[in-house]
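Structural description and commentary
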Amino acid sequence: MKHRIVRRVLLGAGWCALIAGGLGIALYFGGWQRQELILLASGATYLMLGALAALLLFLLARGWRSAVAAGIVLAGVLWTQLPLYVPDGRAATGTEFTILQSNVLFGKADMAAVVAAARAGRADVLTVNELTPSAVERLTAAGIDQLFPHQYLEPGLGGSGTGIYSRFPLSGQVKHEGFTLRNLSATLEHPALGPLAVYAFHPIPPTADHAVWAREMRTVDAILRESEGPVVVGADFNATSDHVAFRTLVNGSFDAAAEQAGAGRLLTYPADKSWGPLIGIDHILVSGGTTDTIGTLTIPGTDHRAVLARLRLTT
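Described in the following lines is the structure provided in the data block. Just so it is clear, the structure is predicted and the values come from calculations on it, not from any experiment.

Calculation criteria
Residues numbered from 1 in each chain as written. Predicted model: local features only at pLDDT ≥ 70, side-chain atom pairs only at ≥ 80, totals over all residues. Heavy atoms only, no water. Axes fitted to C-alpha atoms, helices over the stretch in contact; angles between N-to-C directions. Helix = DSSP H or I, 4+ residues; strand = E, 2+ residues; numbered from the N terminus. Parallel < 35°, antiparallel > 145°, perpendicular 65-115°, else oblique. Left-handed = near helix turned anticlockwise from the far one by under 90°. Contact = heavy atoms within 4.5 Å. Nonpolar A, V, L, I, M, F, W, Y, C, P; charged D, E, K, R; others polar. Salt bridge = Lys/Arg side-chain N within 4 Å of Asp/Glu carboxyl O. Buried < 20%, exposed > 50% of the residue type's maximum accessible area, 1.4 Å probe, protein only. Expected span 1.5 Å × (residues − 1).

As a further point, take the packing of helix α3 (residues 44-61) against helix α4 (residues 64-81). For any two helices packed against each other, the geometry comes down to the angle between their axes and how far apart the axes lie. Orientation of α3 relative to α4, taken along the N-to-C sense of each, is 150°, at an axis distance of 8 Å. Considering the angle they form, α3 stands roughly antiparallel to α4. The handedness of the crossing between α3 and α4 is left-handed. Only W64, S66, A67, A70, G71, V73, L74, V77, T80 and Q81 of α4 make contact with α3, whose side of the interface consists of T45, M48, A51, L52, A54, L55, F58 and L59. Within the contact of α3 with α4, the residues separate by chemical class into 13 nonpolar, 5 polar and no charged.

With that out of the way, let us pick up the pattern of salt bridges. Tallied over the entire structure, the rule returns 8 salt bridges. In this structure, the salt-bridge partner of E96 is R312, at a minimum N-O distance of 3.7 Å. On the criterion of sequence distance, the pair formed by E96 in strand β1 (residues 95-103) and R312 in strand β12 (residues 306-313) is long-range, its members being 216 residues apart. On the basis of relative accessibility, which here comes to 34%, the residue E96 falls in the partly exposed class. Among the residues examined, R312 registers a relative accessible area of 23% and is labelled partly exposed. Linked through salt bridges whose partners overlap, the residues forming this network are E96, R122, D292, R310 and R312.

The end-to-end C-alpha separation of α3 is 26 Å, in line with the 26 Å expected for 18 residues at 1.5 Å each. Buried within α3 we find A44, T45, M48, G50, A51, A54, L55, L57, F58 and A61.

The next thing to look at is unusual backbone geometry. At the junction of Y269 and P270, the peptide bond is cis and its omega measures out at -10° in the coordinates. Along the chain, P270 falls in the loop between α10 (257-260) and β10 (282-287). Cis geometry marks the peptide bond from G276 to P277; its omega dihedral reads -5°. In this structure, L105 is a non-glycine residue whose phi angle is positive, near 50°. Position of L105 among the secondary structure elements: in the loop between β1 and α5 (111-120).

See the structure below:
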């Protein structure tokens, strides 16, 4: 009798876990437009882990048919997640180019740490989100002008400002329309590559207005589809790789640098919590190149980890 009760408990828990895993897959593929589902999709991978828990519970309960169902769902989970951990295998050829992306939390981050990270990482370009006028002043005081003498800055109050700092000359600066925050691009004149397009994006968070976020992600996609390589993008997309809106961006000529390198889920937010970060919403994209290495860096004073990617670009 006791054995039968334990078996039923295990089976019941297993089916609850399997439903969670199935929900994770549905959120991954769904492209839902409801705010609650968009936010849930940010952590769809965590829900997908329910499929693994379900399989283990079913095996313990000796529920073989249930275990087969869990195995099928788990196969779907692995199909969505394993590519993130497998390098694309392309030979790393071309000109080395390094980009650092950092959201500085309303300009509150330690700007000396941002400059130090860019210097230590030998970054060629720094893209900055939530850049305020005071943050620009503190970056200058920390020596950023010596490191990046060429700049396209659109600082603003709160989280609206964005900037591009470069070792090389910039031209063709554009402040893109159709966004709530400031989204920028410029053409970098690289001595070996020639013209290189650099984008710094920051769509509004879906927590503020999910419909606007979805529209702005579509605008980003439209802009990138019109660009010609090589191109690098540094962005806080307020989207994870579990969002259809993000995966649409890397469905054509663009690749996510983290996926190219097989770096898995680069968790960047929230970085200021003892239990974080839990999700990866800061990204580097590349067109016309491959990724050697990519990783995250802790910047004191901000709730985002910075992302540093060393790329190989070709003309």
